[in-house]
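Residue-level listing of the chains:
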Amino acid sequence: MDRLFFALASISGFLGVALGAFGTHGLRGKLTPDLLRVWETGVQYQMLHAFALIAVVFAAQRFPQGPWVGAGWCFALGTVVFSGSLYALSLSGIRWLGAITPIGGLLFLAGWILLLVSALKAS
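Residues numbered from 1 in each chain as written. Predicted model: local features only at pLDDT ≥ 70, side-chain atom pairs only at ≥ 80, totals over all residues. Heavy atoms only, no water.

### Looking at the environment of L27
For clarity, the cut-off: In this text, helices come from DSSP runs of H or I with a minimum length of four residues, and strands from runs of E with a minimum of two, each type numbered from the N-terminal end. Remark: exposure states derive from per-residue accessible area (1.4 Å probe, protein chains only) relative to the maximum for the residue type, with buried under 20%, exposed over 50%, and partly exposed in between. Throughout, a residue-residue contact means that at least one pair of heavy atoms, one from each residue, lies within 4.5 Å.
Position of L27 among the secondary structure elements: in helix 1 (residues 2-27). The exposure class of L27 is buried, given its relative accessible area of 6%. Residue contacts for L27: discarding those within four places in its chain leaves F22, L36, W39 and L91.

Here you go:
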């Protein structure tokens, strides 16, 4: 499972860089400054949680008894929901998509708590 999370982190990091570049070079002038900031927020959180997935791989090796698998899935799904909803909002301008974003944020928070529990449960 730790290899899967490392692979997901790699894919997410790659996509984060690609989407960041696309936002800077392909969307500037096509989106309002507000929507471009929304896009950039999606990229920022995607990149941060790509590194969080790498932390999950570390936790898997260091704290094998902890709930690190749950943390990994929370980070992966949180990225899809949080960043994905912001990308969709930016491109479509449909504001209600922003109502989905906090679900991804809650998944991120749950992932961080589960990573903490992994460390605290270590013997």
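### Some remarks on the packing of helix 1 against helix 3 (residues 68-92)
Going by this rule: Interaxial angles span 0 to 180 degrees and are taken between N-to-C directions of axes, which are lines fitted to C-alpha atoms, for helices over the stretch in contact. Any angle between 65 and 115 degrees counts as roughly perpendicular, while under 35 counts as roughly parallel, over 145 as roughly antiparallel, and the rest as oblique. Should the near helix be turned anticlockwise from the far one by less than a right angle, the crossing is left-handed, and should it be turned clockwise, the crossing is right-handed.
Running from N to C, helix 1 and helix 3 cross one another at 15°; their axes reach a closest spacing of 11 Å. Classified by the interaxial angle, the pair formed by helix 1 and helix 3 is roughly parallel. Considering the relative orientation of helix 1 and helix 3, their crossing is left-handed. Packed against helix 1, whose contacting residues are D2, L4, F5, L8, S12, L19 and L27, the element helix 3 presents W68, V69, G72, W73, A76, T79, Y87 and L91 at the interface.

### Description of the pattern of salt bridges
Our working definition: For this analysis, a salt bridge means a side-chain nitrogen from Lys or Arg found within 4 Å of a carboxyl oxygen belonging to Asp or Glu.
All told, the structure shown has two salt bridges when counted by the stated rule. Taking the shortest distance from any N to any O, the salt bridge between R28 and E40 comes out at 3.8 Å. You can see R28 sitting in the loop between helix 1 and helix 2 (33-62) and its partner E40 sitting in helix 2, a full 12 residues away along the chain. Exposure remark for E40: the relative accessible area of 36% places this residue in the partly exposed category. Notably, a salt bridge pairs D34 with R37, separated by 2.3 Å at the nearest N-O pair. Here D34 and its partner R37 are both found in helix 2, three residues apart, which amounts to about one turn of the helix. Among the residues examined, D34 registers a relative accessible area of 44% and is labelled partly exposed. Here R37 falls in the partly exposed class, since its relative accessible area comes to 46%.

### Topic: the environment of G84
Take G84: it is sitting in helix 3. In this structure, the C-alpha to C-alpha distance between G84 and L35, residues 49 residues apart in sequence, is 14 Å.

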